[in-house]
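# Geometric and topological summary
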Amino acid sequence: MRGRRPGCPAAAVVFAVGMAGTTLPTPLYGLYQAEIGFSELMVTVVFAVYAVAVITVLVVAGNYSDEVGRRPVLLCAMALSAASAGCFLLQSGLPLLFAGRLLSGGAAGLLSGAATAAVIELARPGQKARAGFAATAANMGGLGCGALLSGVVAQYTPWPLTLPFWIHLGLVAVASGITWFLPETVTETKRWPPLTPQGVKVPPEVKGVFAPASLAAFAGFALLGLFTAVAPSFTSRTLGVHNLAVSGALVFCVFLASTLGQSLTRRVGARRALPAGCAVLVAGLLLVASSLIAESMLLLVLGALCGGGGQGLGFRAALTLVGDAAPAQHRGGTISAFFVVAYTGISLPVVGVGALATWLGLRPAGLIFTAFVMLLAACAGTYAARRPPAST
């Protein structure tokens, strides 16, 4: 009977469905601006609330599925995802938008640990490495597909602000059913034990690796934040492209490229992949800046593909190096600290873009942002190339 139950691919589907809900609002921010009336800065603040929720859940409950089991946490994540969709369906102003993003971030925070572990643990013997990539693909693929689905539905149906979330509720219901029948991989589970926050700890022996790795992750996630928060505004206001399906496809390209970049990390080797990923990320940011100057959609798409590939290559290398360097007794806290830095990168720089756009305009704000992130990525890549971490 155990063999007939859903396994690794089914867990990956649940992961992808949950993550897709977090990017559904991306192509719709312009419509919310027109309906409710708020500034570009507020768009980025609404987006950043998501990252704050993810960081909070990672720190407070990142290891909770190790105690209660994977399935209860996955079901809780599905419930939060459904509640988030409900907030967007009922929204009549900023409060429910903020609530929807908070709930969405909570779901993503729970999924990041529990779903990744479930996908890997349900893999067949000898397939752990392939399952690790399946978890990565489900994560990034779900993020990209959410924006693509929302953009296409919003552009080509009469219900742009409701139908994407109704579709997602249906997908969440299916994913919840799959989760119910997933085998539990935690052998000794506890019944709702108290939360034991992991905190964020960086042991002294890891700091030499942690600094360039976390800086590279910060820069890469800043690029993802740019595309998932303000790329639709760039395409409509700066490039004159108002098709929401195009905006969704642009975000999809970033996450698709990130997935492909992560798939190359093992072949390249983490020590070489970190500086290489930073270099490719810098090239992608140069293309993004060039697209704003030349008002070229083609350059923006190329920037999304190149920058996303660099982000994926560098991010997986950075995570591998940090995880390998951390002592076993401090590995959880070290990786949590790494993700806190990464998710700070997806929020703070983007809020800065919103503030600068209110003051200087969207194009100058985008150019300042790309210059800042290029500098960070170049510094991280140069340091990693000149002082590669020792093999572990």
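Now for a quick tour of the structure.

Where helix α6 (residues 94-121) meets helix α7 (residues 128-156), the closest approach of the two axes is 8 Å, and the angle between their N-to-C directions is 150°. By crossing handedness, the relation of α6 to α7 is classed as right-handed. Together, Thr116, Val119, Ile120 and Glu121 of α6 and Lys128, Ala131, Gly132, Ala134 and Ala135 of α7 make up the contact between the two elements. A per-class count over the contact of α6 with α7 returns 5 nonpolar, 2 polar and 2 charged.

So, about the pattern of salt bridges. Under the criterion given, the structure shown has 3 salt bridges. Glu40 is the salt-bridge partner of Arg237, the closest N and O atoms lying 3.1 Å from each other. A residue pair is termed long-range when its members are at least 10 positions apart, and Arg237 in helix α10 (residues 231-238) and Glu40 in helix α3 (residues 40-61) qualify at 197 residues. Judged by relative accessible area, Glu40 falls into the buried class, the value being 6%.

Bringing the packing of aromatic side chains into the picture now. Taken as a whole, this structure holds 8 aromatic pairs when the rule is applied. Note on Phe88 and Phe165: the rings are 4.9 Å apart at their centroids and 0° apart in plane angle, and the pair reads as stacked. Of the two residues, Phe88 is situated in helix α5 (residues 70-90) and Phe165 in helix α8 (residues 163-181); the sequence distance between them amounts to 77 residues. The pair formed by Phe88 and Phe165 is uniform in burial state, with each residue classed as buried. Ring centres 6.1 Å apart and planes at 70° place the aromatic pair Phe315 and Phe339 in the edge-to-face group. Of this pair, Phe315 sits in helix α13 (residues 297-325) while Phe339 sits in helix α14 (residues 331-345); the two residues are 24 residues apart in sequence, bridging distant segments of the chain. Classification of Phe315 as buried rests on a relative accessible area of 9%. Here the aromatic cluster, defined as three or more aromatic residues joined through ring pairs, consists of Phe221, Phe315, Phe338, Phe339 and Tyr343.

Topologically, Val153 is positioned in helix α7. Taking relative accessible area as the criterion, Val153 reaches 8% and is therefore assigned buried. Each C-alpha atom, one on Val153 and one on Gly248, is 9.9 Å from the other, the two residues being 95 residues apart in sequence. With residues near it in sequence (within four places) discarded, Val153 still touches Leu163, Pro164 and Ile167.

Not every positive phi belongs to a glycine, and Glu295 is a case in point at roughly 55°. Here Glu295 is to be found in the loop between α12 (270-294) and α13. On the basis of relative accessibility, which here comes to 45%, the residue Glu295 falls in the partly exposed class.

Quick look at the nonpolar core now. Among the nonpolar cores identified, the biggest contains 115 residues, and Tyr32, Leu111, Phe165, Phe227 and Phe338 are the most heavily contacted of them. Top element by residues in this core is helix α9 (residues 207-229). It accounts for 14 residues. Sequence-distant contacts of Phe338, that is, excluding residues within four places in its chain, are made with Phe210, Ala213, Ser214, Ala217, Phe315, Ala318, Leu319 and Val322.

Our focus in this paragraph is α12. Its 25 residues give α12 an end-to-end C-alpha distance of 35 Å, which sits within 8% of 36 Å, the value for a rise of 1.5 Å per residue. Among the residues trailing α12, Glu295 stands out with phi positive, at a value near 55°.

How each quantity is defined
Residues numbered from 1 in each chain as written. Predicted model: local features only at pLDDT ≥ 70, side-chain atom pairs only at ≥ 80, totals over all residues. Heavy atoms only, no water. Axes fitted to C-alpha atoms, helices over the stretch in contact; angles between N-to-C directions. Helix = DSSP H or I, 4+ residues; strand = E, 2+ residues; numbered from the N terminus. Left-handed = near helix turned anticlockwise from the far one by under 90°. Contact = heavy atoms within 4.5 Å. Nonpolar A, V, L, I, M, F, W, Y, C, P; charged D, E, K, R; others polar. Salt bridge = Lys/Arg side-chain N within 4 Å of Asp/Glu carboxyl O. Buried < 20%, exposed > 50% of the residue type's maximum accessible area, 1.4 Å probe, protein only. Phe/Tyr/Trp six-rings, centres within 6.5 Å; stacked < 30°, edge-to-face > 60°. Core = buried A, V, L, I, M, F, W, Y, C linked by side-chain atoms within 4.5 Å. Expected span 1.5 Å × (residues − 1).

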